[in-house]
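Working through the structure, step by step
Chain residues, written in single-letter form:
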Protein chains: 4
Amino acid sequence: MSGNTFGKLFCVTSFGESHGPAIGCVVDGCPPGLAIDVSDIQRELDRRKPGTSRHVTQRREPDEVEILSGVFEGVTTGAPIGLLIRNTDQRSRDYGNIADTFRPGHADYAYEQKYGLRDYRGGGRSSARETAVRVAAGAIARKWLRERYGVVIRGYMAQLGEVEIPFVDWNEVDCNPFFAPNAAMVPQLEDYMDTLRKSGDSIGARINVVATGVPPGWGEPVYDRLDADIAHAMMGINAVKGIEIGAGFSSVAQRGTEHSDEMTPEGYVSNNAGGVLGGISTGQDVIVSMAIKPTSSIRLDRRSIDRSGKPVVVNTHGRHDPCVGIRATPIAEAMLALVLIDHALRQRAQGMDVNSQTPVIPRLSPDGEQSPPAPTE
Amino acid sequence: MSGNTFGKLFCVTSFGESHGPAIGCVVDGCPPGLAIDVSDIQRELDRRKPGTSRHVTQRREPDEVEILSGVFEGVTTGAPIGLLIRNTDQRSRDYGNIADTFRPGHADYAYEQKYGLRDYRGGGRSSARETAVRVAAGAIARKWLRERYGVVIRGYMAQLGEVEIPFVDWNEVDCNPFFAPNAAMVPQLEDYMDTLRKSGDSIGARINVVATGVPPGWGEPVYDRLDADIAHAMMGINAVKGIEIGAGFSSVAQRGTEHSDEMTPEGYVSNNAGGVLGGISTGQDVIVSMAIKPTSSIRLDRRSIDRSGKPVVVNTHGRHDPCVGIRATPIAEAMLALVLIDHALRQRAQGMDVNSQTPVIPRLSPDGEQSPPAPTE
Amino acid sequence: MSGNTFGKLFCVTSFGESHGPAIGCVVDGCPPGLAIDVSDIQRELDRRKPGTSRHVTQRREPDEVEILSGVFEGVTTGAPIGLLIRNTDQRSRDYGNIADTFRPGHADYAYEQKYGLRDYRGGGRSSARETAVRVAAGAIARKWLRERYGVVIRGYMAQLGEVEIPFVDWNEVDCNPFFAPNAAMVPQLEDYMDTLRKSGDSIGARINVVATGVPPGWGEPVYDRLDADIAHAMMGINAVKGIEIGAGFSSVAQRGTEHSDEMTPEGYVSNNAGGVLGGISTGQDVIVSMAIKPTSSIRLDRRSIDRSGKPVVVNTHGRHDPCVGIRATPIAEAMLALVLIDHALRQRAQGMDVNSQTPVIPRLSPDGEQSPPAPTE
Amino acid sequence: MSGNTFGKLFCVTSFGESHGPAIGCVVDGCPPGLAIDVSDIQRELDRRKPGTSRHVTQRREPDEVEILSGVFEGVTTGAPIGLLIRNTDQRSRDYGNIADTFRPGHADYAYEQKYGLRDYRGGGRSSARETAVRVAAGAIARKWLRERYGVVIRGYMAQLGEVEIPFVDWNEVDCNPFFAPNAAMVPQLEDYMDTLRKSGDSIGARINVVATGVPPGWGEPVYDRLDADIAHAMMGINAVKGIEIGAGFSSVAQRGTEHSDEMTPEGYVSNNAGGVLGGISTGQDVIVSMAIKPTSSIRLDRRSIDRSGKPVVVNTHGRHDPCVGIRATPIAEAMLALVLIDHALRQRAQGMDVNSQTPVIPRLSPDGEQSPPAPTE
């Protein structure tokens, strides 16, 4: 119940600092009988790991995961699954100069105020390095969701700075370093990032994530609604400042006749709800969008104070992502997977027997495989 | 741990349906020694209750609260506080016709799929009537936060449909039925709603909430960050589709030099962070914005299906809010109070002794009393 | 998560003081579709209520329960069930004299130290009156367990003071005021209590509870073992000082060849385990025994101190149970039901599909219907 | 919230199997600023580790712990503490023959029924090897309790089989392999165990644990009472079948005048309560006693069945403790420490400010340093 456990039934307990010996987690509550191999997890970690293109941090971490428990003869046993990733490239000298300085936009001051001290090496616990363990745990969750319910979770970059990226094709997403669903945009994105990197500044991004195949009935009103738990998960990712479900902020200026999704015997005719009504999944695609702020570690000078309250000028050299949003897609997918499996298990606990659920509405969604509605357009 | 308890240490467990005998809650974990009178709670309930203007539902509910336990000789004892509000105006005949029909934009179908049955009277458990108990519990939380830490929580309507409402003065908020911080805008808002109501349609809104006086150090990384828990709380309010903290979605197109809030010996020079960094409060105002969708209960015809899957036409007469956002401000304030008190207690549990916290940065915020930055402008 | 919620998935949140306006609870997580009538709950409350014989307190409380929510057209909806019991016979004058005195054996001093103040009327929150809501919630749990799994939960008094009560017949239990499974012993017990009552003193008791029909597989190692959660539940009943599962303290002097229960194709040949191994149910009867201390409210003089630390002499007139163990049987049954339903739901969440469980051992237990082994003999 | 996390605020999440690559845990919620060195933890692990005398299992595990996170420059940071212990001596060949057999008294059958499969190597997750991580986590808890509140936690063996061990001196406890507080008894205990070991049988034991210096006010009624949480913790230790607090089962035959502990200006005159009243600590010693069953792994023949339901004869050669109670003392101490720190933090969260607590009763206990009352005599 302290802040490093995620989930109520599928529980991920995370540990580790950016520059400590290791990061890792314990996944407790995984149903038994799921075939899991290290490669299932490593594949997802490799999508997130640093150093894969010139547009992300050049820190070299292989992010190799070791399964310490909970898997026997290739399948989960129901016992907690210990996952371990050793840190290998933690050049602490890069960070020694920030021990007494609070970097603007970073959590330095907040951590110091909360705990009275902080592990300042590379941001310590507040580093986005921790998100690797979310991706690792999420890999288990998404495999179970796919095998047990046919749920597929996919994300993409929808906007880089002021550049909107029209959705074209899911197949493009893993073919470029931006997770852009649009091959034609990639040269523009590369130019954008090259220019930005040279300027020493950083930029924000918007990431969308979509889960297809979610059966109706997941979500626990009135407080642990599916959308509320998704918002909790996504806002809990480093650098996220905004969350939308379905039509999101566009709802503000919509009329009821425009927003509410009509139903027909053939299915829903729109998906402004983003797949959730009353906090419960409706059988439509679950659609989430999030805003990611620009990296606070930049080479340009910024004003700040040190621990004694004196003014200082801060700039950050070393290895940083000029757009943390670029590597955020696998993390957002993982967090959605963790929310969904948790609610799948919660529904199994209290809900009707799954077999007796007979959806009277066809599960057909108006949005086909290749065209998730960009939630806020 | 089921979905009707909010909070980890200051726990609100809610019960009750729109047209059952009563709604209420149990508040567990309230510190002892807080002076609480029924009037402290009733005052907040009266701000949310229906029937106070022509722009909201005409259901007549006095929403009179009874304290059943946990208060002795006028102060809290540390024992759970039972709160009860009897329903008095539940004309079930208004709703009988929806027993076999799934209303578009409502949770009818989702509830039926989840539980196999539903209390269809007025939306049953999914009705926004439940939010009264949040306001009641929140009244206790905000009183404690104010007395113990000087925290003040205030919200307002920032946009009604396409009409933006510039912030002018907190004192205006409680002087009009819209919670608009701008007296000059009120006639326009009234006209807008009158026209809308005659049309039979409904509209969305944007609500902002600001907490001042939050000390640095609240929030529990990495999963129960303060902003993550706020997002959970706000997205868990009926009809909310989007959440922003600080700069929110504006962050997407911001550069690092623009977004990250510089610090000086005199304080922060901006508040794009919205008072939270790394999931921990920074001492600045905590600023939240949310999108509220248009009411799904409208008089105009909408296509849907019935429980047998046959097409039907649905329209909803009876007593409904044409803009649920109008009454949402007290609810959003209450939820923010519930998140903050929970994290105050969590910080007391694990954190440094409060008395040893010596903020080196003056708590002065660049945003003065009268000008909270509209988060996304 | 504060201390007044019991259970992780079937959650009972209790409120109310002995001499406040009401006691009650919210039952969250109850599966939908269970037929529940007020009489189902009232029947169990009537077994526990005061004033039913001369051997228990003469306080007159009808303990009439009102269902406030969560039940629609006679069945549970999956929404939280609010239960309310008004206090009707709270003669506060009986207790005014203890406001400044700490009664020996009572929680007065502990409450004052914990909270800095206390509701001293009749013990306030520490009164065993609160156990009525456990019985009410337990009535729902046991009905579901019986209907869904065939689980039957029964308790009895096994010892009153130094008088052991040999088990004879379950049918006797509800035919005498002691819940004694032995009609022949009742006159002796009545004499015992009459003599005791005249003396002004009080006495302890031992209560056994047995659940039959529990399927194998319930319990969540390594910390939330079924027996661990039972111990938590039972030690959480007022006045309980000891708990045994199966052979209990007899295990200390047993050899492995005596203790471990051999298995044959026809079933187990003994039940020293008490139905739990490794923290998981085995399919045998779950057998629990508990020690209940003598009431601390007695007419005889006892030394104590007042709030200023000065010595005082305390004696308690008024209406008290000379043996709280007499009314403890329904409470212990209720708590066992609450633990079992919670673990039934937890097993549904994570475990194998129930239908695929094929116990290879016949569920036959060596202990027949009429002869639960007295656990510690 | 799954079963492998212990505690609500000081949370220990355990993982690992007897014969997997490692065991370990994550300790989340530890207050920052506690000086912790590997040696603080290793010292306690060494007390529990196997192979230290001829009376325990000869498995050779150094149980060397690695701190993976949460400690920086020698002190805790408030971030989760990852602890890792590699398994080094897991001769799986010892256990291959039990893959298809359910050993009597073991959890084999229960695990198989729960999860549909099991890691049969050395008992897998059900092995008492897991208790090493409890001892490791408990080492952190007890250090904090001692430094912050002066709480001292000590345990001892009170009975081995039918041999009662009178308490003489705490200083003896760590001077013999039995944790016996009585040097004179050690030769008799050694003879007892030598004879037993030769016979191939096993035996039970009773362990007592005492916490001194616990301030009044810890414990969260009505469900998470201090004694209830202690019972949960102790019954959750492998092989425990009974728990007593204070007078325990002796309470059954006590009268109120005998049981309830009188108070005087000089302190309590007895401690039948075992330091807990109404579920809250009273300032007296917290006294717990537990029954540990005989090891189920014995060389002698026992009847059982295999996975196909056919009768088999089981006997267990290999490396086993003939009395698991011998190594249980450090485990019981650790679990008591985990319960106490959790309640210390819970009290800090909700309760009065510690500094304002002014116990009116002197904290003097009638039981001096050298003579804890054997709880059930």
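Residues numbered from 1 in each chain as written. Chains lettered and ligands numbered in written order. Predicted model: local features only at pLDDT ≥ 70, side-chain atom pairs only at ≥ 80, totals over all residues. Heavy atoms only, no water.

**Here we look at the nonpolar core**
The nonpolar side chains of a soluble globular protein tend to be buried, and buried together. With 340 residues, the main nonpolar core has B:Met290 and C:Met290 as its most contacted residues. The residues touching C:Met290, leaving out its near neighbours within four places in the chain, are C:Ala205, C:Arg206, C:Ile207, C:Val209, C:Met234, C:Ile237, C:Val240, C:Gly242, C:Ile243, C:Ala332 and D:Phe249. (Core = buried A, V, L, I, M, F, W, Y, C linked by side-chain atoms within 4.5 Å. Buried < 20%, exposed > 50% of the residue type's maximum accessible area, 1.4 Å probe, protein only. Contact = heavy atoms within 4.5 Å.)

**Things to note about the packing of helix 5 (residues 226–235) of chain A against helix 5 (residues 226–235) of chain B**
The interhelical angle for the contact between helix 5 of chain A and helix 5 of chain B, taken along N-to-C directions, is 160 degrees, at an axis separation of 7 Å. Classified by the angle between their axes, helix 5 of chain A and helix 5 of chain B sit roughly antiparallel to one another. Note on packing geometry: the crossing formed by helix 5 of chain A with helix 5 of chain B is right-handed. Between helix 5 of chain A, through A:Asp227, A:Ala228, A:Asp229, A:Ala231, A:His232 and A:Met235, and helix 5 of chain B, the contact on the second element is made entirely by B:Asp227, B:Ala228, B:Asp229, B:Ala231, B:His232 and B:Met235. (Axes fitted to C-alpha atoms, helices over the stretch in contact; angles between N-to-C directions. Helix = DSSP H or I, 4+ residues; strand = E, 2+ residues; numbered from the N terminus. Parallel < 35°, antiparallel > 145°, perpendicular 65-115°, else oblique. Left-handed = near helix turned anticlockwise from the far one by under 90°.)

**A word on the relation of the copies chain A and chain B**
Mapping chain A onto chain B is achieved by rotating through 180 degrees and translating by 0.0 Å along the same axis, at an RMSD of 0.0 Å. Viewed as a symmetry operation, the transformation between the two copies matches a two-fold axis. For chain A, the minimum C-alpha distance to the rotation axis belongs to A:His232 and amounts to 2.3 Å. Most of the interface of chain A is mirrored in chain B, where 98% of its interface residues are also at the interface. (Least-squares fit on C-alpha atoms with pLDDT ≥ 70 in both.)

**Describing the packing of aromatic side chains**
Overall, the coordinates contain 38 aromatic pairs over all chains when judged by the stated rule. Ring plane angle 65 degrees and centroid distance 5.6 Å describe the contact between D:Trp144 and D:Tyr149, whose orientation is recorded as edge-to-face. Given the relative accessible area of 6%, D:Trp144 is considered buried. An aromatic cluster is present here, built from A:Trp144, A:Tyr149 and A:Trp218 joined pairwise through their rings. C:Arg148 extends its terminal NZ or CZ atom over the ring of C:Tyr149, reaching a point 4.8 Å from the ring centre. (Phe/Tyr/Trp six-rings, centres within 6.5 Å; stacked < 30°, edge-to-face > 60°. Lys NZ or Arg CZ within 6 Å of the ring centre and 35° of its normal.)

**Overview of the pattern of salt bridges**
Using the criterion set out here, one finds 123 salt bridges over all chains in the structure. Salt-bridge contacts for B:Arg197 lead to B:Asp194; the nearest nitrogen and oxygen are separated by 3.0 Å. Taken as a pair, B:Arg197 and B:Asp194 lie in helix 4 (residues 186–199) at a separation of three residues, close to a single helical turn. For B:Arg197, a relative accessible area of 26% puts it in the partly exposed group. Note that D:Arg327 and D:Asp321 form a salt bridge whose closest N and O atoms lie 2.8 Å from each other. Like D:Asp321, D:Arg327 is buried. A single salt-bridge network, built from bridges that share partners, covers A:Asp100, A:Arg103, A:Asp108, A:Glu112, A:Arg118 and A:Arg307. (Salt bridge = Lys/Arg side-chain N within 4 Å of Asp/Glu carboxyl O.)

**Description of the interface of chain B and chain D**
Counting from both sides, the interface comprises 14 residues of chain B and, opposite them, 14 residues of chain D. Roughly 1,200 Å² of surface becomes buried between chain B and chain D when both sides are summed, with 49% attributable to carbon and sulfur atoms. Taken together, the links from chain B to chain D amount to zero salt bridges. Counting the contacts that link chain B with chain D gives six residue pairs in polar contact (both at pLDDT 80 or more). Tallying contributions element by element places helix 7 (residues 328–350) of chain B first for the side of chain B that touches chain D, with four residues. Taken together, the residues of the side of chain B that touches chain D break down into seven nonpolar, four polar and three charged. (Buried area = accessible area lost by both parts, 1.4 Å probe. Polar contact = N/O pair within 3.5 Å; in protein donor to acceptor, adjacent residues only side chain to side chain. Nonpolar A, V, L, I, M, F, W, Y, C, P; charged D, E, K, R; others polar.)

**So, the UniProt feature "binding site: NADP(+)" (unreviewed entry) in chain A**
All names here are of chain A. With numbering matched to this structure, UniProt assigns "binding site: NADP(+)" (unreviewed entry) to Arg-48 and Arg-54. Residue Arg-48 is classed as buried on the basis of its relative accessible area, which comes to 2%. Ignoring sequence-local partners within four residues, the contact set of Arg-48 consists of Asp-63, Ala-128, Arg-129, Thr-131, Ala-132, Val-135, Arg-327, Pro-330 and Ile-331. With respect to the helices, strands and loops of the structure, Arg-54 is situated in the loop between helix 1 (38–48) and strand 4 (65–67). (UniProt positions renumbered as here; feature names shortened; annotations may be inferred.)

**Structural notes on unusual backbone geometry**
In this model, B:Pro221 is joined to B:Val222 through a cis peptide bond whose omega is 5 degrees. Structurally, the position occupied by B:Val222 is in the loop between strand 10 (205–212) and helix 5. The phi dihedral of A:Asp63 falls on the positive side, at around 50 degrees, and the residue is not glycine. Structurally, A:Asp63 is set in the loop between helix 1 and strand 4. On the basis of relative accessibility, which here comes to 0%, the residue A:Asp63 falls in the buried class.

**Topic: the state of the cysteines**
For the coordinates displayed, the defined rule picks out zero disulfides over all chains. Between A:Cys11, a free cysteine, and D:Cys11, which holds the nearest cysteine sulfur, the sulfur-to-sulfur gap is 11 Å. Here D:Cys30 stays free of any disulfide, with the sulfur of D:Cys25 as its closest cysteine sulfur at 11 Å. Looking at D:Cys30, the relative accessible area reads 1%, which means it is buried. (Disulfide = S-S within 2.5 Å.)

**A closer look at the packing of helix 7 (residues 328–350) of chain A against helix 7 (residues 328–350) of chain C**
Across the interface, helix 7 of chain A lies against helix 7 of chain C with an axial gap of 7 Å and an inter-helix angle of 135 degrees. Between helix 7 of chain A and helix 7 of chain C, the angle falls in the class oblique. Both helix 7 of chain A and helix 7 of chain C take part in a crossing whose hand is right-handed. On helix 7 of chain C, the residues that touch A:Leu345, A:Arg348, A:Ala349 and A:Gln350 of helix 7 of chain A are C:Leu345, C:Arg348, C:Ala349 and C:Gln350.

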